[in-house]
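# Structural characterization, general
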Amino acid sequence: MKTKLISTIVLSSLFLFSSCSNDKPKQVQKEMPPLSVNTITVKKEPIPIWKQYTGTTKASSDQEVRARVPGILKKIYFKDGDTVIKGQKLFMIEQDEYIAARDAAKAKKAQDEASLKLANADVSRYEPLVKEGLAPRATLEQYQAQQARLKAAIAGDIAEIKKAQLSLSYTMVRAPISGKTSARRVDIGNLVGQGESTLLTTIMSVDPIYTYFSPSQNDVRLFEKYRNKEKPDAFIEINGQRETIRLDGYVDFSNNVVDSLTSTISMRATISNPDGKVLPGTFVYVNLFINDKYSFLMIPPEVIFSDQLGTYVYVVDKDNKVKRADIETDYSTKYYVSVKTGLQDGDRVIVSALVKLKPGRAIKATDVSSTQGIKAVLEKNKLIPKSK
């Protein structure tokens, strides 16, 4: 009887434990909250097209400053490497000899003018006497000849004065152009210009500065075909460790021959360089504007992915979920990529949180086309060409 009672108690306990276990609430799996992302709305529209090349800068003017008259160098008015302006004093050659030559020419002119005055008086006095037969014509003709000779002498004197004045002006050597000077080639006390036009210094003008680059002849043909400005916009970039220098200008020259070794054509961009930051001989990237009249569907390059299936971007579908869109690209730069197929006007391309994206994930999209769209990128990087 006792054994039966114990069995009943054990069975009851097991029943109660089983009932308690079945009454535990079931856990419900929670859905992930929508991921906040930024998007840009793509549209096929006219986009400025730029082409980049490598190039080298060159001074727009390179002038040698030479002594044009002989003499001892007396003064130097600049320091090596100074930036000078056109007409500025650079050197002075000893002037005493040239001042004396000018003064002597002026004195000779004054002497001849005094003699001419006397000759004019003689001619005036003898002309009426000869007309009345009171004086011989031969005497009058002698005075007239003297008068003509003195007039010629005075003309020669004037020429000598100009020559002496010009030589004197050459003793003050001035800058023929504005630009940056090299180190001087002479010192005070040196004899210059004796038997040769001594080189004193050189001046390079770097504002504007020329940039030469060499597109392929095929690129040049396309450029000539599609360009819509007489002097297309261009700018150069120099990538440094601390800063990237950008200077704007325009293309104003294309050579008339093809380099037979490289099949390229030399072109030149004239670049504004007011602060002289870029010196001749600098390696630069030249960005050449082609056209802005043709429509393209462009996206930023950083939103494009690639895998074994191809190239793709992430877009927002009609249910506000992530969708993979396979695309085919065409022309590209570091600022934008042209999409040939895979996207349509109005598609919303995701441009943020890219590593967290997964097809089918719910998202909360914020449109940032006004600040991160292609037009905004172009304006930010000054890629909108100037009007004609």
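Everything discussed here concerns the structure shown above.
Attention here is on the structure that accompanies the text.

Criteria and cut-off values
- Residues numbered from 1 in each chain as written.
- Predicted model: local features only at pLDDT ≥ 70, side-chain atom pairs only at ≥ 80, totals over all residues.
- Heavy atoms only, no water.
- Buried < 20%, exposed > 50% of the residue type's maximum accessible area, 1.4 Å probe, protein only.
- Helix = DSSP H or I, 4+ residues; strand = E, 2+ residues; numbered from the N terminus.
- Pairing = 2+ DSSP bridges.
- Axes fitted to C-alpha atoms, helices over the stretch in contact; angles between N-to-C directions.
- Core = buried A, V, L, I, M, F, W, Y, C linked by side-chain atoms within 4.5 Å.
- Contact = heavy atoms within 4.5 Å.

Bringing the pairing of strand β17 (residues 310-316) into the picture now. A regular strand places its side chains so that they alternate between the two faces of the sheet. Burial of β17 is extensive: 5 of the 7 residues sit out of reach of the surface. In this sheet, β17 lies alongside strand β16 (residues 305-307) in antiparallel orientation, the contact comprising 3 bridges. Residue Ser 306 lies in a different strand from β17, and its bridge partner there is Thr 311. The antiparallel hairpin formed by β16 and β17 contains 2 residues in its connecting segment. One ladder, built from 5 bridges, connects β17 with strand β18 (residues 322-326); its direction is antiparallel. Looking at the pairing, Val 315 lines up with Lys 323 of β18. Once β17 ends, the chain turns through 5 residues before running back antiparallel as β18, passing Asn 320 with a positive phi of about 60°.

With that settled, consider the sheet that holds strand β20 (residues 337-341). The strand order across the open sheet built from 4 strands is β2-β15-β20-β19, with neighbouring strands paired in antiparallel fashion. Each of the sheet's edge strands pairs with one partner strand only, and the pair in question is β2 (44-46) and β19 (328-332). On average, each strand axis in the sheet is inclined to that of its neighbour by 55°, with strand direction left out of account.

One finds Phe 213, Val 251, Leu 288 and Tyr 336 to be the most contacted residues of the largest nonpolar core, which totals 33 residues. Secondary structure elements with two or more residues in this core: β3 (49-66), β10 (199-213), α4 (217-226), β11 (233-239), β12 (244-254), β13 (267-271), β14 (283-291) and α6 (374-380). It is β14 that provides the largest number of residues to this core, a total of 5 residues. Contacts of Val 251, omitting those with residues within four sequence positions, involve Phe 213, Lys 231, Pro 232, Ala 234, Met 267, Arg 268, Ala 269 and Leu 288. If you look at the next biggest cluster of nonpolar residues, it comprises 24 residues, including Val 37, Ile 327, Val 349 and Ile 350.

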